[in-house]
Amino acid sequence: MSTTPAPVNGEPLLSLLNVESAYGPIKAIRGVSLQVKRGEIATVLGSNGAGKSTILKTISGILDPRKGSITFKGQAITAQDPAYIVQQGLSHVPEGREVFALLSVHDNLLMGAYTRKDRDGVARDMETVFNYFPILRERATQDAGLLSGGQQQMLAISRALMAAPELILLDEPSLGLSPKLTKEIFEIVVRINREHGTTILLVEQNANMALNASDYGYVLENGRIVMEDTCARLREKDDIREFYLGMKAEGVRGERRWKKKKNWR
Ligand SMILES: Nc1ncnc2c1ncn2[C@@H]1O[C@H](COP(=O)(O)OP(=O)(O)O)[C@@H](O)[C@H]1O
Ligand SMILES: [Mg+2]
C-alpha cells in the first residue's frame, strides 16, 4: 500500500524533538523526543495518564504542541491539519477504536480511503484487509456498531490501512479485549508490519504484548521518556522484568503494578 519511496538519506521515518503538549494548564507531555525507523514497530509503554495518547494526537495533528517539532519523511508536520497528515501517509487508530457505528463494515473501510483516487488500489487494499481479518469480510454488510469490541478494533486498524499509510499510530489496541483476542490482534499487527512493510508506532499499557511485538521501545512516565532501548534489551532489564512478571501474575491488567513503580532508572 506504500506508494512513496523511502528517503535515501537514512533518516528516521518519524521523529519528535522536545515536544510539549498541554490541555489548558495541564502539561501532558514534556520534552518528548523519539524516533521511528522505517520498517520497524516502535512502542511507547506507560501507565494510564502517562501521556501516550497525547503523543499520538500531537503527531496526527489533532492537538497542536506548545513546543518542539515533528518530522515525517524529512518534512515538518508540526501542527499541520490532520487531513494533510493522513495524505502524507500517516494514519492514526485512536484509543477506543471510534468506528462509524451506523455505517456498514464495508463503508467504514471506504471512509478510510476517502482521500484516494486510485480505485484499483482501494479495491486491492480492501482485499488485503479482508485477508488479514476474514471476519470483516463475513460481516461486510453489517453495521459496524453490531461488531464485538475485538472486531471493532480489527475494523479500526483496517480502516487505517485503507488510507495506504507508510506509518500507523496504534493507540492501545488491547484496551478492553480478552487476552486471547489481544494476542490475535497483535499477531496480525506484526504480520502487517512484516508482510506489508507498514511501519508502526504502538502505545500500550500492556507491556508484555508490546515488548514481544515491537523492535524498539520507549518508557513514558508523567509525560517524559525515562528509558529507551531495543525491546530485546528492555525485556532483560530488572525494572521492566519486575513489572513484566508482576503483570503476568496479575493477568493482562498491569495498571496497579505499574502505578506503584516510582522510578524506572
Ligand atoms: N482532553 C483532556 N483535557 C484535559 N486533560 C487531559 C485530556 N486528555 C488527557 N488529559 C490529561 O493528560 C494526561 C495524559 O493523558 P493521556 O495522553 O490520555 O494518557 P495515556 O494515553 O497515557 O493514558 C493525563 O493527566 C490526562 O488526565
Ligand atoms: Mg491513552
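Below is a summary of the structure that appears in this document. Predicted model only: the values in this text are computed from it and were never measured.

**Concerning the nonpolar core**
Part 1 of the reasoning: Residues Leu155, Leu170 and Leu201 are the most contacted members of the largest nonpolar core, which totals 67 residues.
Part 2 of the reasoning: The biggest single contributor to this core is helix α6 (residues 149–161), with six residues.
Part 3 of the reasoning: Those residues in contact with Leu201 that lie beyond four places of it in its chain are Leu14, Val36, Ala42, Leu167, Leu169 and Leu170.

**Let's talk about the environment of Pro165**
Part 1 of the reasoning: Positionally, Pro165 belongs in the loop between α6 and β7 (167–171).
Part 2 of the reasoning: Expressed as a C-alpha distance, the spacing of Pro165 and His92, which sit 73 residues apart in the sequence, is 9.4 Å.
Part 3 of the reasoning: Among all residues touching Pro165, those that are not within four sequence positions of it are Gly89, Leu90, Ser91, Ala160 and Thr198.

**With respect to the site of ligand 1**
Part 1 of the reasoning: Close to ligand 1 lie Tyr23, Ile26, Ala28, Gly46, Asn48, Gly49, Ala50, Gly51, Lys52, Ser53 and Thr54.
Part 2 of the reasoning: In terms of residue count, the dominant contributor to the shell around ligand 1 is helix α1 (residues 52–59) (three residues).
Part 3 of the reasoning: For the shell around ligand 1, the class distribution of residues is four nonpolar, six polar and one charged.

**Considering the sheet that holds strand β1 (residues 14–23)**
Part 1 of the reasoning: The antiparallel open sheet is built from four strands, whose spatial order is β2-β1-β4-β5. Each edge of the open sheet carries a strand with a single partner, namely β2 (26–36) and β5 (75–76).
Part 2 of the reasoning: As paired elements, strand β4 (residues 67–72) and β5 share two bridges and run antiparallel to each other. Residue pairing in the sheet places Phe72 in a bridge with Gln75 of β5.

**A word on the sheet that holds strand β6 (residues 90–93)**
Part 1 of the reasoning: Pairing is mixed in the open sheet, where six strands are placed in the order β6-β7-β8-β3-β9-β10. At either end of the open sheet lies a strand with only one pairing partner, and these are β6 and β10 (224–230). Direction aside, neighbouring strands of the sheet carry axes that sit 15° apart on average.
Part 2 of the reasoning: With six bridges joining them, strand β9 (residues 216–221) and β10 adopt antiparallel strand pairing. Directly across from Glu221, in β10, lies its bridge partner Arg224.

Calculation criteria
Residues numbered from 1 in each chain as written. Chains lettered and ligands numbered in written order. Predicted model: local features only at pLDDT ≥ 70, side-chain atom pairs only at ≥ 80, totals over all residues. Core = buried A, V, L, I, M, F, W, Y, C linked by C-beta atoms within 7 Å. Buried ≥ 20, exposed ≤ 12 C-beta atoms within 10 Å, placed from the backbone. Helix = DSSP H or I, 4+ residues; strand = E, 2+ residues; numbered from the N terminus. Contact = placed C-beta atoms within 7 Å. Near = placed C-beta within 6 Å. Nonpolar A, V, L, I, M, F, W, Y, C, P; charged D, E, K, R; others polar. Pairing = 2+ DSSP bridges. Axes fitted to C-alpha atoms, helices over the stretch in contact; angles between N-to-C directions.

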